[in-house]
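# A structural walkthrough
Read off the chains here:
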Amino acid sequence: MTDLQPAPHDPPSALRSGPPPGSPGGEPSSAAPDDLPGEPSSSRCGAPSETPDTTSPGNRAKAPRAPRRTPAGPPPTPTQPTIAHVPFPVVDEISRHCLADGEPETVHIEVHLPGPVDHGRLRTAFHQALARHPRILMRQAPAHWWHRRYTWQLTATPDVDPVSFPPPGPDALERARERALTHCPPLHLSPPVRLEVVEHTTQPGTSAGTVLLLTINHTALDGPACLRVLATTAELYGGTDNSPAPPPVRGPGPTPTTRHPAPDHPDPNGATPPTGRTRPLTRPARITPHQTSNISTGTSTDTGTGTGTGTGTGTGTDVICNGTSNGMLLTELPVPARPPRTADAPPPYTVNDQLLVATCLMAAGWNRLHGRRTAPVVVTMPVDDRPRGVEMPIGNGTRLVSVGFGPDAERRDAALLAADPPDPAALSRLLRHTAARTRALKSAPPGPQLGLSGALLTTPALPVGLRAALTRTLRSAAAPWTSTTLLSNIGRVPYPLDFGDAGRATAVWFSAPARMPRGVTVTTVSVGNRIQLALRWSHALLDTPAANHLAALFRSSLAATAHPAPPTTPPAPTTPPAPTAPEGGAR
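Position labels on residues start from 1 in each chain and follow its written sequence. Reporting in this predicted model follows two pLDDT cut-offs: at least 70 for local features of residues, and 80 or more for side-chain atom pairs to be given and counted; totals over whole chains, interfaces and linings ignore these cut-offs and use all residues. Water and hydrogen atoms were dropped before computing side-chain values, which therefore reflect all heavy atoms in the structure.

The next point concerns the overall build of the chain. We count a stretch as a helix when DSSP gives it H or I for four or more residues in a row; a strand needs E for two or more, and each element gets its number in order from the N terminus. Along its length, the chain carries eleven helices and 18 strands. In the chain, which comprises 587 residues, the proportion classed as buried is 53%. Whether two residues touch is decided by their heavy atoms; if any such pair falls within 4.5 Å, the residues are in contact. Partitioning the intrachain contacts of the chain with sequence separation of at least 6 by distance along the chain shows that 77% fall at a separation of at least 24. Surface accessibility follows the Shrake-Rupley procedure with a 1.4 Å probe radius. Residue values consider only the protein chains on display as shielding. If you sum the accessible surface of the chain, you get close to 25500 Å²; carbon and sulfur atoms cover 59% of it. For every residue, the accessible area obtained with a 1.4 Å probe (protein chains only) is divided by the maximum for its type, and the residue is called buried under 20%, exposed over 50%, and partly exposed between those limits.

What follows deals with the environment of Arg 139. Here Arg 139 shows up in strand E4 (residues 138–140). Note: C-alpha distance between Arg 139 and Asp 159 (20 residues apart in sequence) is 9.0 Å. Of note is the side chain of Arg 139, whose polar atom sits 2.7 Å from the backbone oxygen of Gln 80. Definition of a polar contact: a pair of N or O atoms within 3.5 Å, with one able to donate and the other able to accept a hydrogen when the atoms are protein atoms, and with sequence-neighbouring residues admitted only if both atoms are side-chain atoms.

Pairing is mixed in the open sheet, where five strands are placed in the order E7-E8-E9-E3-E16. Looking along the sheet, the strands with just one partner apiece sit at the ends: strand E7 (163–164) and strand E16 (507–511). We call two strands paired when DSSP finds no fewer than two bridges between them. Of the strand pairs in this sheet, strand E8 (residues 193–200) and strand E9 (residues 209–217) are connected by eight bridges, and their pairing is antiparallel. From the neighbouring strand, Val 197 faces E9, where its bridge partner is Leu 212. Running over the sheet, helix H3 (residues 172–182) touches strand E3 (106–113), E8 and E9 and is turned about 165° from E8. Axis angles are defined between N-to-C directions and span 0 to 180 degrees, where every axis is a line fitted to C-alpha atoms and, for a helix, only to the segment in contact. Against the sheet, helix H4 (residues 223–238) engages E3, E8, E9 and E16, with an angle of about 35° to E3.

Next up on the list: the environment of Ala 231. Looking at the element boundaries, Ala 231 is found in helix H4. With 105 residues separating them in the primary sequence, Ala 231 and Phe 126 have C-alpha atoms 9.9 Å apart. Not counting chain neighbours up to four residues away, the residues in contact with Ala 231 comprise Asn 242, Tyr 495 and Leu 497.

So, about the packing of helix H5 (residues 351–369) against helix H8 (residues 424–443). Their axes nearest at 9 Å, the elements H5 and H8 cross at an angle of 120°. Two packed elements cross with a definite hand, and for H5 against H8 that hand is right-handed. In this structure, H5 contributes Asn 352, Asp 353, Gln 354, Leu 356, Val 357 and Leu 361 to the contact, and H8 contributes Leu 427, Leu 430, Leu 431, Thr 434, Ala 435, Thr 438 and Lys 442. Three classes are used, and their members are as follows: Ala, Val, Leu, Ile, Met, Phe, Trp, Tyr, Cys and Pro are nonpolar, Asp, Glu, Lys and Arg are charged, and the others, Gly among them, are polar. Residue composition of the contact of H5 with H8, grouped by class: seven nonpolar, four polar and two charged. Take the far helix as the reference: if the near one is turned anticlockwise from it by less than a right angle, the crossing is left-handed, and if turned clockwise, right-handed.

On to the sheet that holds strand E2 (residues 82–87). Strand order in the open sheet formed by three strands is E2-E5-E4, with antiparallel pairing between adjacent strands. Each edge of the open sheet is held by one strand with a lone partner, namely E2 and E4. Across the sheet, the axes of successive neighbouring strands diverge by a mean angle of 30°, strand direction being ignored. In the sheet, E2 pairs with strand E5 (residues 151–155) via five bridges, with the strands oriented antiparallel. When the bridges of E5 are listed, Val 86 appears paired with Trp 152.

Listed below in C-alpha cells is the structure:
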C-alpha cells in the first residue's frame, strides 16, 4: 500500500507518516463526466488555493496562482481512487458558494485526556474509525462554473495522513489552536479533517496529559458527526464500549396558544425566521463593533471571575490572518441551577433555555453599554435530530432555527431585565417564554435544512457558477436581517470518550466559525457539572480585550439565570426534657 503523504500544513518534525490500516473496499464507479481539470478553492483564511477556482465566471480569465509552499514541501495531490460520487447536499453547496478569503470556516473540537497516548495505536485507531464511517473519506471533485453540481468523491483510504504529533512544548497547544483557526483542511484531499495530538501539562511538575485537537472543514462536516468518529476512535483505542447514553427526555410542557406569521425575508444563513411577535421588517440587533487597541498576532490569556455562582478561567487564542479572521476564548463555567424536578412535572426550562437567555442578555447588555438603540435580539440555534450511534449520518446534518427575543411582554420587562442583576421575576418569565418557544421549534416536523430559499438556490437549473453569484448577492442583500448571533449547545457529551490507559475525557470544547455580519458565536458543551464555553469572534467586529469583556457579560448573565437555592431554615432549638424524680424519691 502506498505510504501517505504528510498534510501540507504540518512541518516534518510534527508528522510521522506511515501506512494506514486496512479499510473497506467498494465497487469502483465510473468517473463522473464533471471530473475535468481545475480545482475549486479549498482555503478560507486568505491563503492561496492549490489550484485555480474556475467555478465563478469572473475567475475564468485569471491566471492560476502558484501553489503554496510549506515546510513539508509542495501541496500533495489526490492519490486514492474514487469509489463513488455524491452530489453536494444543500448545506454543503450553500457553504461552498459563500467561501470568502480570510473568513475561517473551521470547526474545532478539543478533547482533554488525563494521560499520555501511544502514538502508533492512536493513529491506527483513528484510521480504522475513518474506515468504519466511510462517508468522512471524501474530497471535492474538480469543478467548472458551467457544471450543474458540485460533487464529493468518496475514497477507500485517505489521500494524506490526517494524524500529526506536534513537538511538545509550553506553547504547543496554543499553536495548535492557532492552526485550527487559520489552516482549513483542504476540500480537494480526503478526508477534510486534521487530528493533532498534543502533549499538554496543566501545571509544572505534573504528568503530561494529552489534547486531541480535531480541525474540520465545515463545508464538508459538522462537529457532532466528527465527535461520533472520535468516539469510535476511543472504542478502538481503549477497547471499551463507547456507546452513546440515551438522550434526555424533555417533558411536553405548555405549548404556545397562538402562532404568529413568520417574516417574509430569508435568513442568508438558512435559519428559519424568528419566533415571537416581532415585526416582520424589524432588523435584529447587531453586536456593536468595538476596537480598543491595534490588532496584533499572538495569543492572549484570559482569567475572569464570574459573578453570582462561581468563577471561570480560561485561555484566549488571538489569531490573525487579516481583519476578518477569528479569535477564540475557551473557559469553564458552572452549570446554573434549575428548579427542582417533581414527580408529576419536568422542570419548566432546561439548561439550553438558560444559555439562550444568557446569550440574549449578553448581546443586549453589550449594546446598551455602547449606546446602541434597543432592537430585538435573535439567536440562531442548530438542532440535531440524528441518532448518536454508529449509524449516525456523517456530514452536515443539523438544521437551523432562530429564537427571537422582543415580544410585547418582554419589552415591558426591558427595564427590569437591564438591571444589575436582572429582576428575578422578570428573568423567570423570560426563561419560561423561551422554553415554550424552543419546545415548539424542536417538536415541529423537520423541514429543509436551510428552508425553501436554500432548496431553491441549490436546484440544478442553472450552472453552479451562476448559482454561486446569485447566492452571494442575496446573502449580502439580506445581511441586515441576519440573526444577532449563533448559540450552538452540544449539550451533554453522549459518549464516555474512554481511551483506556489514557483515561476518560476530562474536558471537551467545540468552537464554531464566526463570520460577518454576525461576527460572534457561542458554543457550549456540558461535561460533568461544568459548561465548557468557547467564544469565537471576528476581528472585523471585536478585538481581544472587547471579546474578553463580552465573555464576562455572558458569564454574569448565565449566573443570573440560576434558580435561587431555597432558604435554609436554622434547626429548631431542642427543648430539654423535663426533669424526672429520681427513683425512690418523693412522689
